[in-house]
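# Summary of structural features
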Amino acid sequence: VDQRVSEVLEAVGEKPKFEACRIGVKGKQKTPRPVKVAVSCSDIVTQIFRKAKLLRDSEEYKRVFICPDRTLEEREVHRDLVTQLKAKRTAEPNKLHFIKGGH
């Protein structure tokens, strides 16, 4: 896990010291589990989030998503936003819809 996380962080131009571990229960299916990454400084986290969009341009990491740790309430709000976004995309497929600033 550490090697893969290191490769992803290098793809966005960061090389911080970190701790990484898989979260969730390993199941019989081959679905990937999320990886929790902890770094020592919040400034490093901010830089990683700013550069995370660079992963979309990479063929190898275009399906890798970096998202912040959220509380239970924040996860519920975000889930509702994603549901609303999907409904808008279905209703108006010719328009561009996105979540801006988590609101």
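Rules used in this analysis
Note on numbering: residues in each chain are counted from 1, in written sequence order. Local features in this predicted model are restricted to residues of pLDDT 70 or higher, and side-chain atom pairs are both shown and tallied only at a pLDDT of 80 or more, whereas totals for entire chains, interfaces and linings draw on every residue. Processing note: side-chain calculations cover all non-hydrogen atoms of the structure and skip hydrogens and water entirely. Computed over the protein atoms alone on a 1 Å grid, cavities are sets of points where a 1.4 Å probe fits but cannot get out and pockets are open sets with protein on both sides within 12 Å along at least five of seven lines; a residue lines them when it has an atom within 4 Å of a point. Grid points are joined across faces, edges and corners, and a volume is the space filled by probe spheres set on the points. Helical segments are the DSSP runs of H or I of at least four residues, strand segments are the runs of E of at least two, and each set is numbered from the N terminus. Residues are grouped as follows: Ala, Val, Leu, Ile, Met, Phe, Trp, Tyr, Cys and Pro are nonpolar; Asp, Glu, Lys and Arg are charged; all remaining types, including Gly, are polar. A pair is scored as a salt bridge if a Lys or Arg side-chain nitrogen falls within 4 Å of a carboxyl oxygen belonging to Asp or Glu. Using a 1.4 Å probe on the protein chains alone, a residue whose accessible area is under 20% of its type maximum counts as buried, one over 50% counts as exposed, and one in between counts as partly exposed.

## Some details on the layout of surface pockets
One number sums up the size of the largest pocket: a volume of about 1,200 Å³. Considering the residues around the largest pocket, the lining is formed by 27 residues, among which Val 35, Lys 36, Val 37, Phe 65 and Ile 66 are closest to the centre. Considering every element that reaches the lining of the largest pocket, the biggest residue donor is strand β2 (residues 35-39), with five residues. Residue composition of the lining of the largest pocket, by class: 19 nonpolar, no polar and eight charged. In this structure, the second largest pocket encloses a volume near 720 Å³. Lining of the second largest pocket is provided by 14 residues; of these, Ala 52, Arg 56, Phe 65, Ile 66 and Cys 67 occupy positions nearest its centre.

## Focus: the pattern of salt bridges
This structure, assessed with the given rule, holds four salt bridges. Linking Glu 14 and Lys 51 is a salt bridge whose minimum nitrogen-to-oxygen distance equals 2.7 Å. Residue Glu 14 is located in the loop between α1 (2-11) and β1 (18-22), and its partner Lys 51 is located in helix α2 (residues 42-51); the two are separated by 37 residues in the primary sequence. Taking the relative accessible area as the measure of exposure, Glu 14 reaches 14% and is therefore buried. Salt bridges linked by common partners bring Arg 4, Glu 7 and Glu 60 together as one network.

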